[in-house]
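# Structural characterization, general
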Amino acid sequence: MLMKIFPHGTGEGDKPSRYLVRPDYPGRDTAPPQVLRGDPAMTRALVDSIERRWKFTSGVLSWHPDEKISEAQEEEVMDAFERVAFAGQEADQRNILWVRHTHAGHHELHFLIPRLELSSGKDFNACPPGWQKDFAVFRDLFNWREGWARPDDPARARDELPKKADLFKARMAWVRLEFPNALK
């Protein structure tokens with residue numbers, strides 16, 4: 001299992017929440033997203049209620065294509081993630097949206113968290129700078145216990161990293177799909 005936090009977190013809640021649940025996104029016609037926990041409309045409304053620049057944290061837990069993740073494992077992983085992300089908070093003090101994606105040929109659990117502690121309305125960042133050290137233990141516990149592919153496994157290291165030009169081409173292809181009139 002790999003955990004990634006996305007670099008965006010500003011703007012309205014419609015974009016990230018819509019991306020997570022859109023069934024018409026390329027490849028999702030045969031494997032539509034499934035909301036596992038949370039309410040997309042509530043999460044979107046909470047993000048939109050925040051008047052600060054940074055409004056949400058989003059990311060993904062992703063598994064190797066050969067790994068089959070059961071619903072019981074999903075529940076356990078989400079519970080453990082939430083214990084780390086929301087340490088010391090009760091369920092009524094936080095909001096998180098969990099959505100399963102399988103359209104890319106592997107299992108993914110996407111999450112969207114409004115940067116808001118609900119009872120006080122104060123800023124709360126579930127994955128602040130340096131988040132890796134807190135979540136590495138969570139990730140490693142499951143990877144070792146379940147025998148899942150580890151991102152730090154030397155046997156999985158690549159001889160070459162993808163070239164920036166290849167990444168740029170991939171991003172531009174996505175922009176053309178998502179915003180067909182933007183590049184005209």
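Predicted model, so just to flag it, every value in this text is computed and none were measured.

## Remarks on the environment of Glu-82
Along the chain, Glu-82 falls in helix H3 (residues 71–85). The residues touching Glu-82, leaving out its near neighbours within four places in the chain, are Arg-37, Ala-87, Arg-94, Ile-96 and Trp-98. Among the polar contacts listed, one links the side chain of Glu-82 to the side chain of Arg-37, at a separation of 3.0 Å. Of the polar contacts made by the side chain of Glu-82, one reaches the side chain of Trp-98; its length is 2.8 Å.

## Thoughts on the nonpolar core
Membership of the largest hydrophobic core comes to 25 residues, with the highest contact counts inside it found for Met-3, Leu-61, Phe-81, Phe-111 and Phe-138. Looking at this core, the elements with two or more residues in it are strand S1 (2–5), H3, strand S5 (108–114) and helix H4 (131–146). The biggest single contributor to this core is H3, with five residues. In this structure Phe-81 touches Met-3, Ile-96, Trp-98, Phe-111, Ile-113, Phe-135 and Phe-138, once residues within four positions along its chain are discounted.

## Re the environment of Glu-90
Structurally, Glu-90 is set in the loop between H3 and strand S4 (97–101). Judged by its relative accessible area of 53%, Glu-90 is exposed. Each C-alpha atom, one on Glu-90 and one on Ser-119, is 9.9 Å from the other, the two residues being 29 residues apart in sequence.

Rules used throughout
Residues numbered from 1 in each chain as written. Predicted model: local features only at pLDDT ≥ 70, side-chain atom pairs only at ≥ 80, totals over all residues. Heavy atoms only, no water. Helix = DSSP H or I, 4+ residues; strand = E, 2+ residues; numbered from the N terminus. Contact = heavy atoms within 4.5 Å. Polar contact = N/O pair within 3.5 Å; in protein donor to acceptor, adjacent residues only side chain to side chain. Core = buried A, V, L, I, M, F, W, Y, C linked by side-chain atoms within 4.5 Å. Buried < 20%, exposed > 50% of the residue type's maximum accessible area, 1.4 Å probe, protein only.

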